[in-house]
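Each chain is listed here by its residues.
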Amino acid sequence: MSEARPGMLLVATPALVDPNFIDSVVLLLDADDDGALGVVLNRPSGVPVGEVLESWGDVVADPEVLFHGGPVGTDGALAVALLRDPDDVPVGFRAVDGAVDGRLGLVDLDTPVELIEGSLDGLRIFAGYAGWGAAQLDGEIEEGSWYVVPVEPSDPFRIDTADLWRDVLRRQPGELAWHSTRPFDPELN
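Residues numbered from 1 in each chain as written. Predicted model: local features only at pLDDT ≥ 70, side-chain atom pairs only at ≥ 80, totals over all residues. Heavy atoms only, no water.

1. Digging into the overall build of the protein
Stage number 1. A tally of regular secondary structure across the protein gives four helices and 10 strands.
Stage number 2. Starting at the N terminus, the α and β elements of the protein follow one another as β-β-β-β-α-β-β-β-β-α-β-α-β-α.
Stage number 3. In terms of overall size, the protein behaves like a compact globule, its C-alpha atoms giving a radius of gyration of 16 Å where 189 residues would be expected to give roughly 16 Å.
Stage number 4. Principal-axis analysis of the C-alpha atoms places the extent of the protein at approximately 50 × 35 × 30 Å.
Stage number 5. Across the 189 residues in the protein, those meeting the buried criterion constitute 48%. (Helix = DSSP H or I, 4+ residues; strand = E, 2+ residues; numbered from the N terminus. Rg over C-alpha atoms; globule rule 2.2 N^0.38 Å. Buried < 20%, exposed > 50% of the residue type's maximum accessible area, 1.4 Å probe, protein only.)

Structure below.
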């Protein structure tokens with residue numbers, strides 16, 4: 001794989017016109033020669049987590065809703081979490097390689113909530129995920145569909161995700177930050 005590795009963000013460029021990914025920010029959870037998998041961080045749904053996964057409703061970060069993680073496997077859920085202490089890893093937590101000093105990872109939703117509570121700084125649950133076959137993501141990056149940038153610990157757990165795309169680009173060095181000022185609809189400019 002290229003620079004797209006677990007723990008990085010994919011930020012949609014204006015060239016990406018797939019409605020599933022326009023202005024999206026995707027956290028890569030897994031990436032290797034066989035393909036890549038991630039979740040869209042800025043697509044909250046109106047469905048409260050407690051309605052679908054009752055025991056997890058009080059544990060997730062605000063807003064306490066499911067997020068649309070992507071167009072694949074929408075009948076399943078992935079839980080992304082941030083550990084308080086990387087030396088205190090609860091049962092059911094698996095770190096994403098190289099992400100936020102081992103503090104960012106996935107939680108197995110079959111784990112009893114009481115084994116996880118108190119050990120996390122953030123938890124968000126995503127219905128579905130974004131997936132790419134072997135070399136597919138590299139091709140999309142080469143064609144200019146994605147910017148690949150580092151993740152910050154708070155990115156997956158923001159209360160208001162409406163400006164996540166702009167904020168992630170704005171903090172990047174050099175010319176990449178300029179892209180944060182483009183209008184959402186350039187034809188209105």
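2. What to know about the pattern of salt bridges
Stage number 1. This structure, assessed with the given rule, holds five salt bridges.
Stage number 2. Where Arg171 meets Asp155, a salt bridge forms, and the shortest distance between an N and an O atom there is 2.5 Å. Placement of the pair is Arg171 in the segment after helix H4 (164–170) and Asp155 in the loop between strand S10 (146–150) and H4, with a sequence separation of 16 residues.
Stage number 3. The partly exposed category is assigned to Arg171, whose relative accessible area is 32%.
Stage number 4. For Asp167, the salt bridge identified is with Arg158, shortest N-O distance 2.9 Å.
Stage number 5. Ionic contacts of the salt-bridge type, sharing partners, join the residues Arg84, Arg103 and Asp121 into one network. (Salt bridge = Lys/Arg side-chain N within 4 Å of Asp/Glu carboxyl O.)

3. Remarks on the packing of aromatic side chains
Stage number 1. Within this structure, the stated rule accounts for four aromatic pairs.
Stage number 2. A ring pair is formed by Trp132 and Trp146, whose centres lie 6.1 Å apart and whose planes are at 85 degrees; its orientation type is edge-to-face. Of this pair, Trp132 sits in strand S9 (residues 120–133) while Trp146 sits in strand S10, and the two are 14 residues apart along the sequence.
Stage number 3. Overall, the relative accessible area of 7% leaves Trp132 in the buried class.
Stage number 4. A connected cluster of aromatic rings, assembled from ring pairs, spans Phe21, Trp132 and Trp146. (Phe/Tyr/Trp six-rings, centres within 6.5 Å; stacked < 30°, edge-to-face > 60°.)

4. Considering the nonpolar core
Stage number 1. Counting residues in each nonpolar core, the largest one holds 43 residues, and the members touching the most others are Leu10, Leu27, Val80, Leu104, Trp132, Leu137 and Trp146.
Stage number 2. For this core, the element with the highest residue contribution is strand S2 (residues 25–32), accounting for six residues.
Stage number 3. Counting residues in each nonpolar core, the second largest holds 16 residues, with Trp56, Val59, Leu66 and Leu109 among its members. (Core = buried A, V, L, I, M, F, W, Y, C linked by side-chain atoms within 4.5 Å.)

5. Notes on the pairing of strand S5 (residues 65–68)
Stage number 1. Looking at chain direction, strand S4 (residues 44–48) and S5 are connected through two bridges and run antiparallel. Residue Pro48 lies in a different strand from S5, and its bridge partner there is Val65. (Pairing = 2+ DSSP bridges.)

6. Thoughts on the confidence of the model for the protein
Stage number 1. Summarising the model, the protein shows a mean pLDDT of 92, and 93% of its residues fall at 70 or more.
Stage number 2. Across the protein, element-level confidence peaks in S5 with a mean pLDDT of 98 and bottoms out in helix H2 (residues 113–116) with 95. (pLDDT = per-residue confidence, 0-100.)

7. Examining a negative patch on the surface
Stage number 1. Together, Asp30, Asp32, Asp33, Asp34 and Asp97 make up a negatively charged patch on the protein surface.
Stage number 2. Tracing the chain through its elements places Asp30 in strand S2. (Patch = residues over 30% accessible without salt bridge, like charges linked within 9 Å, V, L, I, M, F, W, Y side chains within 5 Å. Areas by Shrake-Rupley, 256 points an atom, 1.4 Å probe, with all protein chains shown as cover. Lys, Arg positive; Asp, Glu negative; His and termini not counted. Charge placed at Lys NZ, Arg CZ, Asp CG, Glu CD.)

8. Quick notes on unusual backbone geometry
Stage number 1. The linkage connecting Asp62 with the following residue, Pro63, adopts the cis geometry, with an omega of -5 degrees.
Stage number 2. Tracing the sequence through the fold places Pro63 in the loop between helix H1 (49–52) and S5.
Stage number 3. With a phi angle near 50 degrees, Val100 is a residue other than glycine that sits in the positive phi range.
Stage number 4. Mapping Val100 onto the fold places it in the loop between strand S7 (93–95) and strand S8 (104–107).

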